[in-house]
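Geometric and topological summary
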Amino acid sequence: MSQPRTVAVIVGSLRKDSVTRKVARAIEALAPPHLKFDEIPIGDLPLYNQDSESDPPPADVAFRDRVRAADAVLFATPEYNRSVPGGLKNALDVGSRPYGHSVWNGKPAAVVSVSPGAIGGFGANHHLRQSLVFLNMPVLQQPEAYVGNAFSLFDENGELVNEATAEFLRAFAQTFADWIEQTAPAAAR
Ligand code: FNR
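Residues numbered from 1 in each chain as written. Predicted model: local features only at pLDDT ≥ 70, side-chain atom pairs only at ≥ 80, totals over all residues. Heavy atoms only, no water.

What about the pairing of strand 3 (residues 72-78)?
- With seven of its seven residues buried, strand 3 lies for the most part within the structure.
- In strand 3, alternate side chains face the same way, and those of A72, L74, A76 and P78 on one face and V73, F75 and T77 on the other are all buried.
- Here strand 1 (residues 5-11) pairs with strand 3 via five bridges, running parallel. Counterpart to V9 in the pairing with strand 3 is L74.
- Sheet topology places strand 3 next to strand 4 (residues 109-114); six bridges connect them, and they run parallel. (Buried < 20%, exposed > 50% of the residue type's maximum accessible area, 1.4 Å probe, protein only. Helix = DSSP H or I, 4+ residues; strand = E, 2+ residues; numbered from the N terminus. Pairing = 2+ DSSP bridges.)

Take a look at the structure:
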């Protein structure tokens, strides 16, 4: 049996009723049980300011500690103006500093983008991947996950009711679990 792995979940939407969070929760529900998901909120992080590096805000320190403790990261993002929401980019920046101490470094990751539109947040997905290359995160390549028409996939209780999407997300979660085992830093194996 696989050993337990903690997956930090970073949701790019701050909205209470976020459909992106519903997709992230669906992935959690469909994932193999040895993956333990921990959504780490990003909404209270101050805008990153390099002047604060010697005396960082407590919210930044807490965020970094929580990401550092995870074995892997699932990024679930909506698309804002064909890119990632500013809050998500801010969280990436906060976690990446101080220089040489990035909490993202080497952690296996996966990206799912979500949109009520047909394109499924393709632009956000790939802008995010650009940053993750620089942050040295081994990111799951296939299956790519662009969840479009997302408002139609859930019922009024927030339950995923689209069978094809459920099957896709189950396969995505299983492949991510395998990816974590393949790419986790040796010290975590
Ligand atoms: C959007 N939305 C949007 N959708 C999309 O598919 N591509 C886009 O470029 C944008 N741009 C955009 C900009 C801004 C500022 C907002 C507020 C919204 C719509 C977006 O997909 C929609 O609000 C989703 O509901 C956001 O996801 P959550 O918050 O439900 O997870």
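Overview of the packing of aromatic side chains
- Enumeration over the complete set of coordinates arrives at four aromatic pairs.
- Considering the side-chain rings of F63 and W104, the 6.1 Å spacing of their centres and the 65° angle between planes classify their relative orientation as edge-to-face. Taken together, the residues F63 in helix 2 (residues 58-68) and W104 in the loop between helix 3 (86-96) and strand 4 connect sequence positions 41 residues apart. Like W104, F63 is buried.
- Residues F75 and W104 carry aromatic rings whose centres are separated by 5.6 Å and whose planes lie at 45° to one another, so their mutual orientation is tilted. Pair noted here: F75 is in strand 3 and W104 is in the loop between helix 3 and strand 4, with a separation of 29 residues, a long-range link. (Phe/Tyr/Trp six-rings, centres within 6.5 Å; stacked < 30°, edge-to-face > 60°.)

Topic: unusual backbone geometry
- Here R97 and P98 are connected by a cis peptide whose omega angle stands at 5°.
- The topology assignment puts P98 in the loop between helix 3 and strand 4.
- Each neighbour pair has its own omega, and for Q142 with P143 the value is 0°, a cis peptide bond.
- Here P143 shows up in the loop between helix 4 (122-134) and strand 5 (146-147).
- Positioned with a positive phi, N149 is a non-glycine residue whose angle comes to about 50°.
- You can see N149 is positioned in the loop between strand 5 and helix 5 (163-183).

Notes on the packing of helix 3 against helix 4
- Here helix 3 crosses helix 4 at 5°, and the two axes come no closer than 12 Å. As summarised for this structure, helix 3 and helix 4 are arranged roughly parallel, according to the angle between their axes. In this structure, helix 3 contributes L88, K89 and L92 to the contact, and helix 4 contributes L128, S131 and L132.
- Per-class residue counts for the contact of helix 3 with helix 4 are four nonpolar, one polar and one charged. (Axes fitted to C-alpha atoms, helices over the stretch in contact; angles between N-to-C directions. Parallel < 35°, antiparallel > 145°, perpendicular 65-115°, else oblique. Contact = heavy atoms within 4.5 Å. Nonpolar A, V, L, I, M, F, W, Y, C, P; charged D, E, K, R; others polar.)

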